[in-house]
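Here are the chains, one letter per residue:
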Amino acid sequence: MPKLNEHYQNLKENYLFAEIARRVAAYQEAHPDQKVIRLGIGDVTRPLGARAIEGLHAGVEAMGSADTFMGYGPEQGYAFLREAISAYYARNGVSVDAEDIFISDGAKSDTGNISELFDVDNVILIPDPVYPVYVDSNIMGGKQIAYMAGNAENGFLPMPDASVHADIIYLCSPNNPTGAVYNKEQLKVWVDYAIANEAVILFDSAYEAFITDPELPRSIYAVEGAKRCAIEFCSLSKTAGFTGTRCGYCVVPRELTFTASNGTVMSLHAMWNRRQSTKFNGTSYIVQKGAEAVFSEEGMRQCQENISYYQENARVIADTLTKLGIRFFGGVHSPYIWFECPDGMESWAFFDYLLSNAQVVGTPGAGFGENGRNYFRLTSFGSRENTIEAMQRFEKLLAAV
Ligand SMILES: *Cc1c(COP(=O)(O)O)cnc(C)c1O
């Protein structure tokens with residue numbers, strides 16, 4: 001009999017979206033004539049831009065003839081895409097060497113897999129509330145997590161406690177689920193703390209393209225010293241609508257070295273390269289051709305059109321909450337709006353209340369951690385029409401409370 005990885009017993013039941021679906025289905029069955037509007041999911045709805053489609057087509061065409069056919073590619077990704085991403089960083093004022101970029105099938109895989117590079121014996125800081133992948137991948141590896149509280153007082157942007165040592169720090173900015181964004185000064189505090197503690201920051205920047213204020217950092221490498229302490233994860237999922245097409249990348253700078261217990265200096269770049277070369281055979285050539293087109297100036301302009309569409313939806317939601325006097329976070333440099341449930345309601349109770357009385361579906365904050373208990377997440381990934389209608393219903397319901 002195999003001895004199992006019993007750490008899986010320590011995972012919380014991944015019931016959030018299943019439970020939402022169950023409650024919505026039950027409601028819809030009891031009220032078949034009601035139109036339910038879903039503003040809960042974290043998935044995009046706008047189609048890919050024309051340049052991305054052209055790039056994908058070019059990839060498909062190449063596969064069809066012997067002289068352009070592509071077999072296995074480099075595990076790290078094709079140079080054409082790594083260079084296009086490096087140029088994209090440069091346009092945003094950040095210097096990242098193409099050599100340090102690894103292409104993948106998405107940031108979920110990368111943020112989950114990265115924990116393989118680290119021993120069980122580490123102090124791991126993870127914010128609460130948070131994207132559940134960081135927590136679950138560490139639990140699967142039998143690792144202990146120290147949570148950092150995100151709350152209204154710190155604007156859901158936890159800062160380091162200089163008196164507490166950490167080895168590994170997860171940060172996500174713009175944040176899922178709260179929409180909060182660290183400014184440069186705050187990230188500088190984190191980078192200084194990481195260097196002082198010889199810690200590594202795992203920085204998830206999946207929503208960087210939603211940042212419109214040029215003063216806000218879209219990359220941790222906008223901060224001096226970050227290449228000595230940080231790995232960055234990015235994705236085309238929210239930037240370019242690639243949630244179903246699948247492409248992401250991470251930056252593991254060659255400067256990132258640590259001394260092992262036997263005195264050997266180990267490079268996280270070399271370790272990640274070894275890990276990927278062993279367990280991953282690369283992202284499809286066709287998808288990488290589509291991704292290359294996304295990073296052209298024209299391709300990125302087309303992505304920004306879709307992002308602006310979502311940002312306008314976010315504004316509709318934010319305006320409604322402002323009008324109702326409900327305290328919220330995010331909604332500007334992020335597709336997410338995170339607000340306090342009215343009257344101190346718990347998030348699942350508010351979910352039921354909103355579904356039954358306004359037929360609007362959101363995501364209960366409790367699904368993202370203890371500190372989300374009294375919060376609720378709405379997304380701007382719906383259609384304009386549905387977002388406006390949902391907010392009219394929302395306003396009618398809550399203005400009466
Ligand atoms: C959506 C999302 C990702 C992207 O995941 P993919 O696997 O690239 O689709 C990464 N991090 C966060 C916080 C996200 O919300």
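The structure under discussion appears in the preceding block.
All of these numbers come straight from a predicted model, not from anything done at the bench.

(A) The overall build of the chain, seen in detail. Helix and strand content of the chain: 12 helices and 15 strands. For the chain, the C-alpha radius of gyration of 22 Å lies close to 21 Å, the compact-globule estimate for 401 residues. Taking the principal axes of the C-alpha coordinates as reference, the chain spans close to 65 × 55 × 55 Å. Relative to its 401 residues, the chain shows a buried fraction of 53%.

(B) Layout of the nonpolar core. Counting residues in hydrophobic clusters, the biggest one holds 93 residues, and the most contacted among them are I169, I201, F242, Y249, F295 and F394. Per-element accounting of this core gives the leading share, nine residues, to helix α10 (residues 297–324). Leave out the neighbours within four places in its chain, and I169 touches L125, M148, W190, Y193, A194, A199, V200, I201 and L202. Grouped together as the second largest cluster of nonpolar side chains are 24 residues, I124, I139, L202 and L256 included.

(C) Structural view of the site of the ligand. Neighbouring the ligand are 14 residues; D204, Y207, S235, S237 and K238 lie closest to it. The separation between an oxygen atom of the ligand and a polar side-chain atom of S237 is 2.6 Å. A distance of 2.7 Å is found between an oxygen atom of the ligand and a side-chain nitrogen or oxygen belonging to R246. In the complex, the protein chains occlude 93% of the 390 Å² of accessible area that the ligand would expose alone.

(D) Local environment of the state of the cysteines. On inspection of all chains with the given rule, the structure shows zero disulfides. Looking at the unpaired C234, the closest cysteine sulfur is the one in C250, lying at 9.0 Å. A residue is classified by how much of its surface remains accessible, and C250, at 0% relative accessible area, is buried.

(E) Structural context of the sheet that holds strand β8 (residues 248–251). The seven strands lie next to each other as β2-β8-β7-β6-β5-β3-β4, forming an open sheet whose pairing is mixed. The open sheet terminates on both sides in strands that have one partner only, identified here as β2 (101–104) and β4 (145–149). For this sheet, the mean angle separating the axes of adjacent strands, direction not counted, is 25°. In this structure, β2 lies alongside β8, joined through four bridges in antiparallel fashion. The residue bridging I103 from the neighbouring strand is Y249, located in β8. With respect to the sheet, helix α8 (residues 268–279) is in contact with β2, β6 (200–204), β7 (230–235) and β8, its orientation differing from that of β2 by roughly 25°.

(F) Representation of the side chain of D128 in the model. Among the secondary structure elements, D128 is positioned in strand β3 (residues 124–128). The side chain of D128 sits in the buried core without any salt bridge; K12 is the nearest counter-charge, 7.4 Å away. Here the side chain of D128 touches E370 through a polar contact of 3.2 Å, landing on its backbone nitrogen.

(G) Quick look at the sheet that holds strand β15 (residues 375–379). Pairing in this open sheet of four strands is antiparallel, and the strands run β11-β12-β15-β14 from one edge to the other. With partners counted over all chains shown, the strands left at the sheet margins are β11 (328–330) and β14 (363–364), one partner each. Each of β11, β12 (336–340) and β15 is contacted by α10, which is oriented at about 15° to β12, the strand it contacts most.

(H) Seen up close, the pattern of salt bridges. All chains considered together, the criterion is met by 20 salt bridges. We note a salt bridge from R275 to E116, for which the minimum N-O separation is 3.1 Å. Here the residue R275 occupies a position in helix α8, and E116 occupies one in the loop between α4 (107–113) and β3, the gap between them amounting to 159 residues. Classification of E116 as partly exposed rests on a relative accessible area of 42%. Counted as one network, the salt bridges with shared partners bring together E19, R22, R23 and D352.

Cut-offs applied
- Residues numbered from 1 in each chain as written.
- Predicted model: local features only at pLDDT ≥ 70, side-chain atom pairs only at ≥ 80, totals over all residues.
- Heavy atoms only, no water.
- Helix = DSSP H or I, 4+ residues; strand = E, 2+ residues; numbered from the N terminus.
- Rg over C-alpha atoms; globule rule 2.2 N^0.38 Å.
- Buried < 20%, exposed > 50% of the residue type's maximum accessible area, 1.4 Å probe, protein only.
- Core = buried A, V, L, I, M, F, W, Y, C linked by side-chain atoms within 4.5 Å.
- Contact = heavy atoms within 4.5 Å.
- Near = heavy atom within 4 Å.
- Polar contact = N/O pair within 3.5 Å; in protein donor to acceptor, adjacent residues only side chain to side chain.
- Areas by Shrake-Rupley, 256 points an atom, 1.4 Å probe, with all protein chains shown as cover.
- Disulfide = S-S within 2.5 Å.
- Pairing = 2+ DSSP bridges.
- Axes fitted to C-alpha atoms, helices over the stretch in contact; angles between N-to-C directions.
- Lys, Arg positive; Asp, Glu negative; His and termini not counted.
- Salt bridge = Lys/Arg side-chain N within 4 Å of Asp/Glu carboxyl O.

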